[in-house]
Protein chains: 2
Amino acid sequence: MNQKHAIKNGRLILEENATVPVTQREVQSNFSVYEALRVIDRHVVHLDDHIARLNSSASQIGLNLPPVPWQEWIDRLIRRDRLSDATMRILVYGGLSATVFITWESLLTYPDNFYEKGVDVTTYHGERFLPTCKTSNLLLSYLALNDAHSKGAFEALLVDRQNQVLEGTRSNFYMIRDNTLYSAPDELILSGVTRISVLRAAKELGLTVSFTPVRLDELWSSGTMFLSSTSMAAMPISAVDGRTVPCDIPLVLKIRDLVRLWEAE
Amino acid sequence: MNQKHAIKNGRLILEENATVPVTQREVQSNFSVYEALRVIDRHVVHLDDHIARLNSSASQIGLNLPPVPWQEWIDRLIRRDRLSDATMRILVYGGLSATVFITWESLLTYPDNFYEKGVDVTTYHGERFLPTCKTSNLLLSYLALNDAHSKGAFEALLVDRQNQVLEGTRSNFYMIRDNTLYSAPDELILSGVTRISVLRAAKELGLTVSFTPVRLDELWSSGTMFLSSTSMAAMPISAVDGRTVPCDIPLVLKIRDLVRLWEAE
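A few points on the structure. (Residues numbered from 1 in each chain as written. Chains lettered and ligands numbered in written order. Predicted model: local features only at pLDDT ≥ 70, side-chain atom pairs only at ≥ 80, totals over all residues. Heavy atoms only, no water.)

### Comments concerning the overall build of chain A
Per the secondary structure count, chain A includes seven helices and 17 strands. Taking 18 Å as the expected radius of gyration for a compact globule of 265 residues, we find that chain A reaches 19 Å, a close match to that expectation. A principal-axis box enclosing the C-alpha atoms of chain A has dimensions of 50 × 40 × 30 Å. Out of the 265 residues in chain A, the part that is buried amounts to 57%. At a minimum sequence separation of 6, the contacts of chain A that also span at least 24 residues come to 67%. (Helix = DSSP H or I, 4+ residues; strand = E, 2+ residues; numbered from the N terminus. Rg over C-alpha atoms; globule rule 2.2 N^0.38 Å. Buried < 20%, exposed > 50% of the residue type's maximum accessible area, 1.4 Å probe, protein only. Contact = heavy atoms within 4.5 Å.)

Right, here's the structure in full:
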């Protein structure tokens, strides 16, 4: 296989040189923000939304991000490594001058039967620091996801001190009940780029949207639950903490199909 | 100046090569633990205590740390760079196999007048994730300290949701009042290696020790407050959020002197 490349501050480098010094204070303190992007047919999906969120994350923690010609830098990497479909990652470390990396890996996809049968999730008590901000302060998410994987589950749902189920470690979380889609309000979660499309799809399908968090004890009630993310689109949930839950899978897949359809717009 | 070196997994490398790949999941999620050590006259102070805490931190987050001949690796670096006094940092990234770095910088010291006059601190609302664990999940501490610096202060005190003043961003926090030294209980804070000596010194000086957190509204009462850390030993506090507070500085310096005296043991 040919060697992979990456972008560092606009320049093409070998991916193996996409490194940061462990002696730098911003690295030691993970003073950084990031985005995960979906490249389909050489085209980055919803780039403007991702960059808007990156800027918002940076601004919330006082990370000074200079203007970057994102499309140009990304295209440079796409051309160099002849990418068609890929999952791309923008990572910005702060400091006196910010360091911007763009790296990629194979497009993250999930087996068809995940969508057809739904996935298992677990619950994990913990609150993200600066929930509206996509920073590298990810240890809680890392530990919660490892816990889920160790139990054979696909994702962990993060539950706060008020027993509100807010989001997944790398996804947004929803419940549909009585023709209403429930999702935690923007100020309590990392509002995903895909969530914008999910909410639009829900309205398109005649659902009412309520920005009310689902409570822990409601997880095993009669609602249809699902996750969303850039790589998942909409992913049905069929079990929570090892207990099967009902799920209107065709409804979730309708949402998924609309989300994917709008990616091509 | 000669080039600095570092240790990576036991091997001497140039410090500039002490880097981590931004494509590694453990780096992206700061799945890592660390210690800051004081090297005085080619000798690491309280190495066993630091390693015990490093192991405890690693264990708490499930980071698998193989046995390491710490003294040998540290001595290798001390000899190579002819170090006499230095501040040394152990940093361990987790993963399938852990990556261990040892780096150093000039000994972190503070001007005499910080000790003679006391330092200004600020208060900052925020709770550390896994408070008993010294991980790289440091964004809260980074932002709190930046906030303190922007106000001309030396350190920020972290205040929890119950308005308990638990610790500094890189220090432990104490108040002495009515012949009693108050310090937050071990389970709510990162219990510093220097704190062991501070508690011992307090007893030596005839103080009672109470593991009770100071409350936010008590900060401007008549107690003597100070910080402790590996580099500070014991540092008197003379102002909080811009308001001068009383401080029995000679008493704090007695504690500092005992802490430093015991380092040579």
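### Considerations on the side chain of R38 of chain A
Residue and element names in this part refer to chain A. With respect to the secondary-structure elements, R38 resides in strand 4 (residues 32-40). Separated by 3.2 Å, the side chains of R38 and E263 make a polar contact. Leaving out residues up to four positions away in the same chain, R38 has contacts with H43, V44, V45, A86, L107, L108, T230, S231, R260 and E263. (Polar contact = N/O pair within 3.5 Å; in protein donor to acceptor, adjacent residues only side chain to side chain.)

### Considerations on the sheet that holds strand 4 (residues 32-40) of chain B
Residue and element names in this part refer to chain B. Pairing is antiparallel in the open sheet, where six strands are placed in the order 2-1-7-6-4-5. Two strands bound the open sheet, and with one partner strand each, they are strand 2 (11-14) and strand 5 (43-44). Note that strand 1 (residues 5-8) and strand 2 share four bridges and pair antiparallel. For H5, the partnering residue across the bridge sits in strand 2 and is L14. Here helix 2 (residues 47-60) sits on the sheet and contacts strand 4, strand 5 and strand 6 (86-93); the angle it forms with strand 4, its principal contact strand, is near 175°. Helix 3 (residues 70-80) rests against strand 1, strand 2, strand 4, strand 5, strand 6 and strand 7 (99-106) of the sheet, and its axis sits at about 40° to strand 7. (Pairing = 2+ DSSP bridges. Axes fitted to C-alpha atoms, helices over the stretch in contact; angles between N-to-C directions.)

### Some remarks on the relation of the copies chain A and chain B
Here chain A sits on chain B after a turn of 180° about the axis and a move of 0.0 Å along it, with an RMSD of 0.0 Å. Taken together, the rotation angle and the small translation identify this as a two-fold axis. Mapped onto chain B, 100% of the interface residues of chain A again fall at the interface, so both copies present the same surface. (Least-squares fit on C-alpha atoms with pLDDT ≥ 70 in both.)

### As for the packing of aromatic side chains
Inspection of the entire model under this criterion finds twelve aromatic pairs over all chains. A centroid spacing of 4.6 Å and a plane angle of 15° characterise the contact between Y174 of chain B and F226 of chain B, whose relative ring orientation is stacked. Here Y174 of chain B is found in strand 11 (residues 172-177), whereas its partner F226 of chain B is found in strand 15 (residues 224-229), with 52 residues between them in sequence. Note on Y174 of chain B: relative accessible area 0%, which makes it buried. Residue F226 of chain B is classed as buried on the basis of its relative accessible area of 0%. Three or more aromatic residues joined by ring pairs form one cluster here, namely Y110, F114 and F154 of chain A. The lysine or arginine in question, R200 of chain B, covers the ring of W262 of chain B, its NZ or CZ lying 3.7 Å from the ring centre. (Phe/Tyr/Trp six-rings, centres within 6.5 Å; stacked < 30°, edge-to-face > 60°. Lys NZ or Arg CZ within 6 Å of the ring centre and 35° of its normal.)

### Some words on the environment of T23 of chain B
Mapped onto the elements of the fold, T23 of chain B is located in the loop between strand 3 (19-21) and helix 1 (25-28). Judged by relative accessible area, T23 of chain B falls into the partly exposed class, the value being 32%. Separated by 38 residues in the primary sequence, T23 of chain B and I61 of chain B have C-alpha atoms spaced 21 Å apart. When neighbours within four sequence positions are excluded, T23 of chain B is seen to be in contact with E15 and T103 of chain A together with Q28 of chain B.

### Considerations on the sheet that holds strand 4 of chain A
Strand pairs in the sheet, formed through backbone hydrogen bonds, run parallel or antiparallel to each other. All names here are of chain A. Read across the sheet, six strands follow the order 2-1-7-6-4-5 without closing on themselves; strand pairing throughout is antiparallel. The two strands at the open ends of the sheet, each matched to only one other strand, are strand 2 (11-14) and strand 5 (43-44). Two elements, strand 4 and strand 5, share two bridges in a ladder whose sense is antiparallel. Bridge pairing in strand 5 links I40 to H43. This element, helix 2 (residues 47-60), spans strand 4, strand 5 and strand 6 (86-93) of the sheet and lies at about 175° to strand 4. Together, strand 1 (5-8), strand 2, strand 4, strand 5, strand 6 and strand 7 (99-106) form the strand contacts of helix 3 (residues 70-80), whose direction differs from that of strand 7 by roughly 40°.

### Section: the interface of chain A and chain B
Each partner contributes residues to the interface: chain A has 34 residues there, and chain B has 34 residues. Summing the contributions of chain A and of chain B, the shared interface buries around 3100 Å²; its carbon and sulfur component is 59%. For the chain A face of the interface with chain B, the top three residues by lost area are V22, L139 and Y142 of chain A, together amounting to 23%. Here chain A is connected to chain B by two salt bridges. Between chain A and chain B we count 13 residue pairs in polar contact (both at pLDDT 80 or more) in total. Mapped by element, the contributors of at least two residues to the side of chain A that touches chain B are strand 3 (19-21), helix 1 (25-28), strand 6, strand 7 and helix 5 (139-150) of chain A. (Buried area = accessible area lost by both parts, 1.4 Å probe. Salt bridge = Lys/Arg side-chain N within 4 Å of Asp/Glu carboxyl O.)

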